[in-house]
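The chain contents come next:
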Amino acid sequence: MSHFIRNETITASRHNHDQEFPALVLAAGASSRFGRPKAMMALSEGNGQSRTLLDHAIAQGRLLSRDVHVVCGAWYPLVRFRCQAQPSRWVHVADWHKGMAASLSAGIRSLGPYAKGAFVLLADQPLLDHHALAALGETARCFPDQALAADYGGRPGVPAYLPRWLWPDILALEGDRGAGQLLVGANATRLAIPGVHDDIDTPDDWRRIREEFTRTGLQARQSQG
């Protein structure tokens, strides 16, 4: 299956609910293990064009909502200038160095009063199955008070959907803690989302995932031809 996302819009039936179901793309880290800002690394689309890793993450977010907020920190505003796609809002986290909790808090605080919940994505998982992401979006809209999360072999993780009732606990997090334990406590429904284990932390990860991204895109184009 191709991981290239050509259509970055969502269906018309969701149009009026964008503010109710916004998406957050977390891209505030310094990429210390990677050695350079990975959000700006280029993914080849195989047709002479390329997009940054963050461009692709924004496109993933748009499979869930038109209202996509990018939470950035360490390399801002450079990542914004290098990005071809423009989200609904850029959210700069001044204290990004405090860890994941600061990014989540800033993202949640950027959302409007009409949101029933929020989707959360990372900027470094380009191989996520976009049909599974669409299923996540549809499930959240059917059950807006139910926490949802990708299944990591029995534990919940991102991509995830965080219902609004869970936000106070998220805002209380500190340090380099994500919402994993809160999702466990909320008895989050776990969904199979292929590609969740293919995140980019090191240059070796990047080489492997870039090759897979290009290969699956080539296979898709050949099958369509």
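Here the structure is shown first, and the text comes after it.
Reading guide: rules and limits
- Residues numbered from 1 in each chain as written.
- Predicted model: local features only at pLDDT ≥ 70, side-chain atom pairs only at ≥ 80, totals over all residues.
- Heavy atoms only, no water.
- Core = buried A, V, L, I, M, F, W, Y, C linked by side-chain atoms within 4.5 Å.
- Buried < 20%, exposed > 50% of the residue type's maximum accessible area, 1.4 Å probe, protein only.
- Helix = DSSP H or I, 4+ residues; strand = E, 2+ residues; numbered from the N terminus.
- Contact = heavy atoms within 4.5 Å.
- Pairing = 2+ DSSP bridges.
- Axes fitted to C-alpha atoms, helices over the stretch in contact; angles between N-to-C directions.

## Quick look at the nonpolar core
In step 1: Of all hydrophobic cores here, the largest spans 33 residues; its most connected members are Val25, Leu54, Val70, Phe119, Leu136, Tyr161 and Ile193.
In step 2: The element contributing the most residues to this core is helix 4 (residues 130-142), with four residues.
In step 3: Each residue touching Val25, except ones within four places of it in the same chain, is listed here: Leu54, Ala57, Val68, His69, Val70, Val71, Leu121 and Ala123.
In step 4: Residues Ala118, Ala160, Leu182 and Ala186 belong to the second largest nonpolar core, which totals 28 residues.

## As for the side chain of Thr52
In step 1: Summarising the element assignment, Thr52 is placed in strand 3 (residues 50-52).
In step 2: Every residue in contact with Thr52, bar those within four places of it in the chain, is listed here: Ala39, Met40, Met41, Ala42, Arg82 and Cys83.

## Digging into the sheet that holds strand 9 (residues 189-191)
In step 1: The strand order across the open sheet formed by seven strands is 5-4-1-6-8-7-9, and the pairing between neighbours is mixed. Single-partner strands in this sheet number two, and they are strand 5 (89-92) and strand 9. Along the sheet, successive strands turn relative to each other by an average axial angle of 25°, direction set aside.
In step 2: Across five bridges, strand 1 (residues 23-27) lies against strand 4 (residues 68-72) in parallel orientation. Within strand 4, the position partnered with Leu26 by the bridge is Val71.
In step 3: Of the strands in this sheet, strand 1, strand 4, strand 5 and strand 6 (117-122) are in contact with helix 3 (residues 100-109), which crosses strand 1 at around 150°.

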